[in-house]
Amino acid sequence: MNSKKIKDRLDTFVDAILAIIATIMVLELPIKIVDKQIDFVNLFISIGVYLVSFCFLANVWYQHAVLFSEVEKVSEGIILRELILVFFLSLMPTFTRLMTEDVISITVILYGLLYLLIEFIFRWIAKDLIHSKYSNKSDMQKVYYSIYGKHNNEQTFLNIGLIFLALFLPKIALFLYLAIPIRSFLTINDDRTDFEEVGKMPTQGRKTYLDMSSKERVDFQKMMQQYRRQIHSSAGNRAIREKAWNNFVKESKKSFNINEDQLKDWFNRPERH
């Protein structure tokens, strides 16, 4: 069996496991009827706990689907890490059930630690998969950390902060966990596209990008993202595309002293404007 077939079967396996995990979590929602009365407060809290876990799983599924669509083959190391990831993901129903029974500091902290561990393993897989696409590993490792590093670090600090908050306000910490998958969902596509754009640059273009300060790289990424959005919303209108390109060129020249010929060479898409 070649790596392509294994990769396809791994995709299917992970999808199936995530579906089973979500099903188990919803089946374990505590719906108790005492004297023909439902404890609606407890029920709504349990649904809220399920919502947090479901959003987390949905985000893992989405990021996994996006990530694995970028590659055709996977190494044995990636497969091993995927199985480790699935093992920890399979613990989600147990940790979710603990919180539905009682949202207290220890249950939320345990959930947060599992959340943090799963994110760490997933980023480990993502970094290696993305790097496997490129021959210049050293440059692309720097580009990876310059683009993904900021959001990853912010997310890690947010998670750690919520674990500490759970010591005092577990219910608030739990529902603030919704912010992590939502934020990740909103940033992943821009980060991935930025990484591809910079990865396609010739060596000199990547060097210029990496020589920028952290703030300059962030500003340049925002300009690229704004340009892409204008192109996507242009509906093929040549005038709008021309205006978007000219604005991109103007801002690049003004802020970074990068001229139009350099941009054409870097992005290799003169037809876009």
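Placed above this text is the structure.
Within each chain, residues carry numbers counting from 1 in the order of the written sequence. The model is predicted, so local features are restricted to residues of pLDDT at least 70 and side-chain atom pairs to those at 80 or more, both for listing and for counting; the totals for chains, interfaces and linings are taken over all residues. Side-chain measures here rest on the full set of heavy atoms in the structure, leaving out hydrogens and waters.

1. Quick word on unusual backbone geometry
Basically, it comes down to this: Helix numbers and strand numbers start at the N terminus; a helix is a DSSP run of H or I with at least 4 residues, a strand a run of E with at least 2.
In the Ramachandran plot, Asn-257 falls in the positive-phi region, its phi being about 60° despite a non-glycine side chain. In this structure, Asn-257 sits in the loop between helix H11 (238-256) and helix H12 (260-267).

2. Brief notes about the environment of Arg-81
What counts here: To sort residues, take the accessible area from a 1.4 Å probe on protein chains only and compare it with the maximum for the residue type: under 20% means buried, over 50% means exposed, and anything in between is partly exposed. Whether two residues touch is decided by their heavy atoms; if any such pair falls within 4.5 Å, the residues are in contact.
Its location among the elements puts Arg-81 in helix H3 (residues 76-89). Relative accessible area serves as the criterion here: at 15%, Arg-81 is assigned to the buried category. Spatially, the C-alpha atom of Arg-81 lies 42 Å from that of Val-249, the residues being 168 residues apart in sequence. Excluding its chain neighbours within four sequence positions, the residues that come into contact with Arg-81 are Ile-121, Trp-124, Ile-125 and Asp-128.

3. Description of the environment of Gly-149
Among the structural elements, Gly-149 can be located in helix H6 (residues 137-165). Given a relative accessible area of 10%, Gly-149 falls into the buried group.

4. Here's the deal with the packing of aromatic side chains
Condition: Aromatic pairs are defined between Phe, Tyr and Trp rings, using the six-membered ring for Trp, whenever the two ring centres lie within 6.5 Å; interplanar angles under 30 degrees are classed as stacked, those over 60 as edge-to-face, and all others as tilted.
Applying the stated criterion to the full structure yields 15 aromatic pairs. Consider the rings of Phe-87 and Phe-88, whose centres lie 5.0 Å apart with planes at 75°: the pair is edge-to-face. For the pair Tyr-209 and Phe-220, a centre-to-centre distance of 6.4 Å together with 55° between the ring planes defines the contact as tilted. Note that Tyr-209 is positioned in helix H9 (residues 203-211) and Phe-220 in helix H10 (residues 214-232), a separation of eleven residues in sequence. For the pair Tyr-209 and Phe-220, one class covers both residues: buried. Through successive ring pairs, a cluster of aromatic residues spans Tyr-209, Phe-220, Tyr-227, Trp-245, Phe-248, Phe-256 and Trp-266.

5. Some thoughts on H9
For the record, the criterion: Note that the arc is defined by the directions from the helix axis to the C-beta atoms.
Inspection of H9 places Gly-205, Arg-206 and Tyr-209 among the buried residues, and these make up the whole buried set. In a view along the axis of H9, the buried residues occupy a sector of 95°, so they form one face of it. Residues Thr-203, Gln-204 and Asp-211 are exposed on H9 and point more than 90 degrees away from its buried face.

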